[in-house]
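Descriptive structure summary
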Amino acid sequence: MNVVNTIEQIRSLKKQKNALIVAHYYVDDSVQEIADYVGDSYYLSKVCMDRPEQLIIFCGVRFMGESAKILNPYKQVVMAEEHADCPMAHMIEIEKIREMRAAYKDLAVVCYINSTTEIKAEADVIVTSSNALEIVGQLPEKNIFFIPDEHLGRYIAEQLPEKNFIFNDGFCHVHTSITVESLKTAMAAQPEAKVLVHPECPKVITELADYVGSTSGIIDYATHDPAEKFIIGTEMGILYELKKKNPHKQFYAVGHRQFCPNMKRISLEDVYHALDTLKHPIELDEEMRRKAEGALSKMHQLAK
């Protein structure tokens, strides 16, 4: 099946089954192109809530599909590729959370949305990279156990010195692969370019940036800033949307390692087979789902 035929088959099946296809910014360009909505994980979960379709094909890693299912328990959420997973989502254990709760009385467990349902269910509140600072700043607890990503936690902690942060040793391998040497080389090659990076990057990278923000934040900044050249410090899949919205601007990756193999697993053929077979649905324990939904609801209450 060639690309044109695959796209036609996807569109036909989508119409036949009244399905919604959503895709993260980091998946392959061709998959972003056929999706009904493209965005970061939390945005896609909210889109699924607002749309009438009862069948959702999720083109992203598993925690994203789980988040969509948490918020849409009565809809069928099917992963386009069952093995697409996020290593960071598994870099914290329930036992560690409970150990911290026992060690600190005045403690809030703040969980980045890049986490499994089991971990979300143990948290007090969920945050995204775009609202973590706003939400943690409103929490009454002094002690903050930030999970699972250490670098985002440290970035937020620097801006909230009144809080006592306890960090987990989780990380995103894509963002930690961006080195100071490679960034300085890119900056030397394009001295007029502004540097835009994700807060999952280590501090030595964020300190060199003109802007630090979420995936959607980087896209918005590049779109509205008058600069014509930008060095992008996040997964290279974002370049598709950046170029689509800003065809007259130039974008440069920091290095060749800005690549998530799990996101890039997802192909047009996978989307077609997911629609055809509905083979990999997200199924969650209902009690655990409700607990995770509670932590997400607290995020809704605190975020403006």
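Below, the structure is looked at part by part. Since the structure is predicted, the reported quantities are computational estimates derived from the model, not experimental observations.

Parameters at a glance
Residues numbered from 1 in each chain as written. Predicted model: local features only at pLDDT ≥ 70, side-chain atom pairs only at ≥ 80, totals over all residues. Heavy atoms only, no water. Pairing = 2+ DSSP bridges. Helix = DSSP H or I, 4+ residues; strand = E, 2+ residues; numbered from the N terminus. Right-handed = clockwise from strand over helix to strand, strands pointing away. Axes fitted to C-alpha atoms, helices over the stretch in contact; angles between N-to-C directions. Parallel < 35°, antiparallel > 145°, perpendicular 65-115°, else oblique. Left-handed = near helix turned anticlockwise from the far one by under 90°. Contact = heavy atoms within 4.5 Å. Buried < 20%, exposed > 50% of the residue type's maximum accessible area, 1.4 Å probe, protein only. 1 Å grid on protein atoms, 1.4 Å probe; cavity = no way out; pocket = protein on both sides within 12 Å on 5 of 7 lines; lining within 4 Å. Points joined across faces, edges and corners; volume = space filled by probe spheres on them. Nonpolar A, V, L, I, M, F, W, Y, C, P; charged D, E, K, R; others polar. Core = buried A, V, L, I, M, F, W, Y, C linked by side-chain atoms within 4.5 Å.

1. Observations concerning the pairing of strand β12 (residues 250-253)
In this structure, strand β11 (residues 229-233) lies alongside β12, joined through four bridges in parallel fashion. Its bridge partner being in β12, Phe230 is matched across the sheet by Phe251. Of the crossover connections in this fold, the one passing from β11 over helix α13 (residues 238-245) to the parallel β12 is right-handed.

2. Description of the packing of helix α1 (residues 3-17) against helix α14 (residues 268-277)
The interhelical angle for the contact between α1 and α14, taken along N-to-C directions, is 30°, at an axis separation of 9 Å. For the element pair α1 / α14, the angle class is roughly parallel. The hand of the α1/α14 crossing is left-handed. The residues of α14 that touch α1, namely those facing Val3, Thr6, Ile7, Gln9, Ile10, Leu13, Lys14 and Lys17, are Leu268, Glu269, Val271, Tyr272, Leu275 and Asp276.

3. Some words on unusual backbone geometry
The step from Ile147 to Pro148 runs through a cis peptide bond, and the omega angle for that step is -10°. By secondary structure assignment, the location of Pro148 is in the loop between β7 (143-147) and α8 (150-159). Despite not being glycine, Asn18 has its phi angle at roughly 50°, a positive value. Along the chain, the position of Asn18 falls in the loop between α1 and β1 (19-24). Its identity is not glycine, yet Leu278 carries a phi of approximately 50°, on the positive side. With respect to the helices and strands, Leu278 occurs in the loop between α14 and α15 (286-302). When its relative accessible area of 24% is taken as the criterion, Leu278 is described as partly exposed.

4. Remarks on the layout of surface pockets
Looking at the largest pocket, its volume works out to about 550 Å³. In terms of lining, the largest pocket is formed by 35 residues, of which the most central are His24, Asp40, Ser41, Tyr112 and Asn114. Within the residue set of the lining of the largest pocket, elements represented by two or more residues are α3 (41-50), α4 (62-71), α9 (173-176) and α12 (215-224). Of the residues assigned to the lining of the largest pocket, the class counts are 17 nonpolar, 13 polar and five charged.

5. Topic: the sheet that holds β12
Here four strands make up an open sheet; going across it, the order is β10-β9-β11-β12 and the pairing parallel. Strands with a single pairing partner mark the edges of an open sheet, and in this sheet they are β10 (211-212) and β12. Contacting β9 (194-197), β10, β11 and β12, α12 runs over the sheet at an angle of about 160° to β9.

6. Focus on the nonpolar core
Counting residues in each nonpolar core, the largest one holds 95 residues, and the members touching the most others are Ile21, Ile57, Val110, Ile232 and Val271. The element best represented in this core is strand β5 (residues 107-112), accounting for six residues. The contacts of Val271, once residues within four sequence positions are left out, are Ile10, Ile21, Val31, Ile34, Ile57, Cys59, Ala80 and Ile266.

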